[in-house]
Amino acid sequence: MKPSLSAGGSDGLIWILGLTLIVALLVLYRLRRRLQASETSLARTEAGWVQALDFAEDAMCLIDLDDRLVRANRAFYRFIGSTPEEALGKKLMILIHGEQEKNPCPVCQARLDRRNAVFVKEADDPMNRFHKPFEVIVKIIRDRQGEPIGILQMLRDLTRQREAENAIRESEQRHSGFSQAAFDGIAIHDRGVIVNLNPTLASMLGYDQAELIGTQLLELVAAPSRAFVTARLQVKSDESMEIQAMRKDGTELTVEVRARDFPYQGRALRVVAVRDIRELTHTQQALFEEKERLMVTLKSIGEAVIVTDIAGRIQYLNPIAVSLLGCGEAQACGKKLPDLCRIVDEARGLAPLDLARSCLKQNIIINSKSNCVLYRNDGRQFVVEHSSGPIHSRDGDAIGAVLALRDVTEMRQLEQQLIYQARYDTLTGLMNRHQFELRLETALESAKTDGTQHVLCYFDLDQFKVVNDTCGHVAGDQMLAQIAALIGPRVRNTDTVARLGGDEFGVLLDDCPRAMAFEVAEMLRQVVADFRFVWGNRSFDVGVSIGMAAITADSASVTEVLSAADAACYVAKDLGRNRIHMHQPDDAALARHHGEIEWSQRVSSALKEGRLRLYSQPIVALQPGDGPIWHEILVHMVDNEGKSIPPMAFIPAAERYNLMPAVDRWVVSNTLAWLQQTKRAAASRVCSINLSGRSLCENRFLEFVIAEIHRFGVDPVDIAFEITETAAVANFAQAQQFIIALKRMGCRFALDDFGSGLSSFAYLKHLPVDYLKIDGNFVRDMATDRIDHAMVEAINQLGHVMGIQTIAEYVESREVLEKLKIVGVDYAQGFAVGYPVPIEEALAARDALWVADAAGR
């Protein structure tokens, strides 16, 4: 029976309140169930997106407004090298930079400013502690009112992209950069109908996000790929595929698509990751082409290239390596290099080298510091230079080695030949002046330290000029060689014989008293005096004048000793030739008076009395195409009897007594005057003027040359200056300044006697010359001497590589002339081309038949 209000008002009220409470509890229970269902749905949605984010390759994280990490995908934790437990709740600035920055980087500043931004961090950025390039996108998350409620930051590792860019840049040097690849597009679809997607995919295809919701995936696939995509949708394949996507504007886009099952809002859907691979495709094509070029290059280069694995087993040989090792690639692959050959650094006396093992053990590139010898199993050996270095994987781990071997056997032989030529005279086989002076230094040192006495004998042949002038340079050279063969065997093994230049020889008698030295000198003088030089049907008596100087503890220097012996030799000549004179301290004035001073006085007199004459020797172009008419200007001196004296007779004395600047001034002025007088007679010709080292060092000589060019009104293009290699190297700074100043006006320059010294190669690139005059010692016998031919060819090639034309001197035979044409030398000069003639006859001589024949025109 229900209680009534009238029966008991208080009991009825309690009953109503209880009923109301029960109803309220039921309502609350239902509301709680609905809230739990909503939370479960929200959690599923959130879990779905988390899984989708974890599926993405890019590192993504969610940050609150205090810059603290709230959530991140797996790629993010891999990127920063931390676990979720270590990172969650920490400030992103500290996670990225390792510390709280006083001056935030642009990325952190963008987050603090609550603005969207995109940045690229390069590996060498000092604020990039990850030391790898990556792209950063900052996206501010806002509520419906536009207020920021969180920050999404995405990071993408650009290492592979940079590697691809670097590969193309290094190989072709024509790509200045590679466009940054886009982030992956992500879409979730239900049986081919898009139910959600990220902004990246919409932007990639040219749509707004809302436009693509509910769209069939096949509508976004270009016609050629639709059948393929339909089949893949039916089987739900997880394999990546490359297709053509259709953009909103109708254009096609090559993309890589990967899909996998994905729970979304309680349903089993599919998530699709779409990547624009246009740049990747281009890169792959470029890398493929580069690989092809690399393989062709490896097969074409002149070095042996060997690739090994991490254990040193051979994986690849190029054809040169096959030839060098003497075995086929199939036979060599799988073996280690020491199984096929031994490489020994003989200069350092080391055990056989294992190149692959050494570079892999040290994890560095190793270059040979000296030539090594490769001994093949068949007994053959080669001199090689080697380089080896480790091959690294993308992670930086060594996975193998590449070895490069260069066969320098012939180069070493040539090098030894060059060293020999730098120390010995190629004509006589005797020591040259430079090496002889080093021996004199040693002798002088022993004289000062232990009191040992030595004697220097200075030989000057008396009839060399007669033979040279009447029979030619070939006869003169032959006579010098025969004289050297006479002198060399007649001294002790401890003594030294050298050719000092021209027809001058030096003999150093080691640990020899003066009296004994005089007897040896007299014996040598008599041997030469008894010798008769025969050339053709002519024979010549040959005498020698010998100057002697003692090397004692009182000797000041090698220069002083040489000067004393030279002076004594001049005294011997002045006293009638074919005799010996021992230098004494009290006859120095006599030696100077009767020797060098006489020549210097002759030159001075000739300058004052106008007894110098200009001669011209033609320089003819050898290659097709008419070049200018060349004249090398030579200076002769006329003696008191009217006889012409060639330059080599008085130029050394003029050099020694500082008369060459005056001689050079006379030659420059008179040559320019001749050019002015004859410019109507010859439309195109060049006069080549020799300059001495002393003139280059004279302060006002450059001003004089410029003033004379202006005074005579000669076109500077018609003027060339020749500077010997020795003078250019000895006076390098002055020569460089002189050349640069006159080249600005249009003058040309030739480096004379190039190749006579090894130092010229190092200085050549700093001297802006137009021509190299190849040393005649190499040219004269190049038709029969393989080494000389190689030197001419090498110097010619070096000159052409540097844009410098070449001139061969001492061309004395048709055979040499033909060889020079084949080698590609540009000009020739010598008796086979034309003899020196007085400059007044030069214009007539240029039309002579022998000039035309020699030029091959």
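Figured I'd write up the structure that's included with this text. Note that the structure is predicted; figures quoted are calculated from it, not measured. (Residues numbered from 1 in each chain as written. Predicted model: local features only at pLDDT ≥ 70, side-chain atom pairs only at ≥ 80, totals over all residues. Heavy atoms only, no water.)

Overview of the environment of Val455
Inspection of the secondary structure puts Val455 in strand S18 (residues 454-461). Val455 sits in the buried class, given a relative accessible area of 0%. Distance in space between the C-alpha atoms of Val455 and Asp495 is 10.0 Å, their sequence separation being 40 residues. When near neighbours in sequence (up to four residues on either side) are disregarded, Val455 contacts Val507, Leu508, Leu509, Cys512, Pro513, Arg514, Ala517, Met548, Ala549 and Ala550. (Helix = DSSP H or I, 4+ residues; strand = E, 2+ residues; numbered from the N terminus. Buried < 20%, exposed > 50% of the residue type's maximum accessible area, 1.4 Å probe, protein only. Contact = heavy atoms within 4.5 Å.)

Here's the deal with the packing of aromatic side chains
Counted according to the given criterion, the structure contains 14 aromatic pairs. Ring centres of Trp630 and Tyr827 lie 5.7 Å apart, and the angle between their planes is 45°; on these two criteria the pair is classed as tilted. Separated by 197 residues along the polypeptide, Trp630 in strand S26 (residues 629-638) and Tyr827 in strand S33 (residues 827-828) bring together distant segments of the chain. On the basis of relative accessible area, Trp630 is assigned to the buried category, the value being 1%. In this structure Tyr827 comes out as buried when scored by relative accessible area, which is 6%. Ring centres of Phe721 and Phe738 lie 6.1 Å apart, and the angle between their planes is 85°; this geometry places the pair in the edge-to-face category. Taken together, the positions of Phe721 in strand S29 (residues 719-724) and Phe738 in helix H28 (residues 732-745) put the pair 17 residues apart, joining distant regions of the chain. In this structure, Lys132 is placed above the aromatic ring of Phe79, and the distance from its NZ or CZ to the ring centre is 4.5 Å. (Phe/Tyr/Trp six-rings, centres within 6.5 Å; stacked < 30°, edge-to-face > 60°. Lys NZ or Arg CZ within 6 Å of the ring centre and 35° of its normal.)

Looking at helix H16 (residues 433-450)
Taking 1.5 Å per residue as the helical rise, H16 with its 18 residues ought to reach 26 Å, and the 25 Å between its terminal C-alpha atoms agrees with that figure. Of the residues making up H16, those classed as buried are Gln435, Phe436, Leu440, Ala443, Leu444, Ser446 and Ala447. Against helix H15 (409-423), S18, strand S19 (496-501), strand S20 (504-509), strand S23 (544-551) and helix H20 (558-574) lie the buried residues of H16. Gly451 sits one or two positions beyond H16 and adopts a positive phi of about 75°. (Expected span 1.5 Å × (residues − 1).)

Regarding the environment of Gln315
Mapping Gln315 onto the fold places it in strand S12 (residues 314-317). By relative accessible area, which is 45% here, Gln315 ends up partly exposed. Measuring from C-alpha to C-alpha, the distance between Gln315 and Lys335 comes to 8.5 Å, with 20 residues separating the pair along the chain. Setting aside chain neighbours within four positions, we find Gln315 in contact with Val307, Thr308, Asp309, Glu329 and Cys333.

With respect to the packing of helix H31 (residues 786-801) against helix H32 (residues 814-823)
Two quantities define a packed helix pair, namely the angle between the axes and the distance from one axis to the other. Two elements in contact, H31 and H32, have axes separated by 10 Å at closest approach and are oriented at 40°. Taken together, H31 and H32 sit at an angle that is classed as oblique. Handedness of the H31/H32 crossing: right-handed. In this structure, H31 contributes His789, Val792, Glu793 and Asn796 to the contact, and H32 contributes Lys819, Leu820 and Val823. Among the residues forming the contact of H31 with H32, the class breakdown is three nonpolar, two polar and two charged. (Axes fitted to C-alpha atoms, helices over the stretch in contact; angles between N-to-C directions. Parallel < 35°, antiparallel > 145°, perpendicular 65-115°, else oblique. Left-handed = near helix turned anticlockwise from the far one by under 90°. Nonpolar A, V, L, I, M, F, W, Y, C, P; charged D, E, K, R; others polar.)

Considerations on unusual backbone geometry
Of note, Arg114 is a non-glycine position whose phi angle comes to about 55°, a positive value. Here Arg114 is to be found in the loop between helix H5 (106-112) and strand S3 (117-121). Its identity is not glycine, yet Asn578 carries a phi of approximately 50°, on the positive side. Under the relative-accessibility criterion, Asn578 is labelled partly exposed at 30%.

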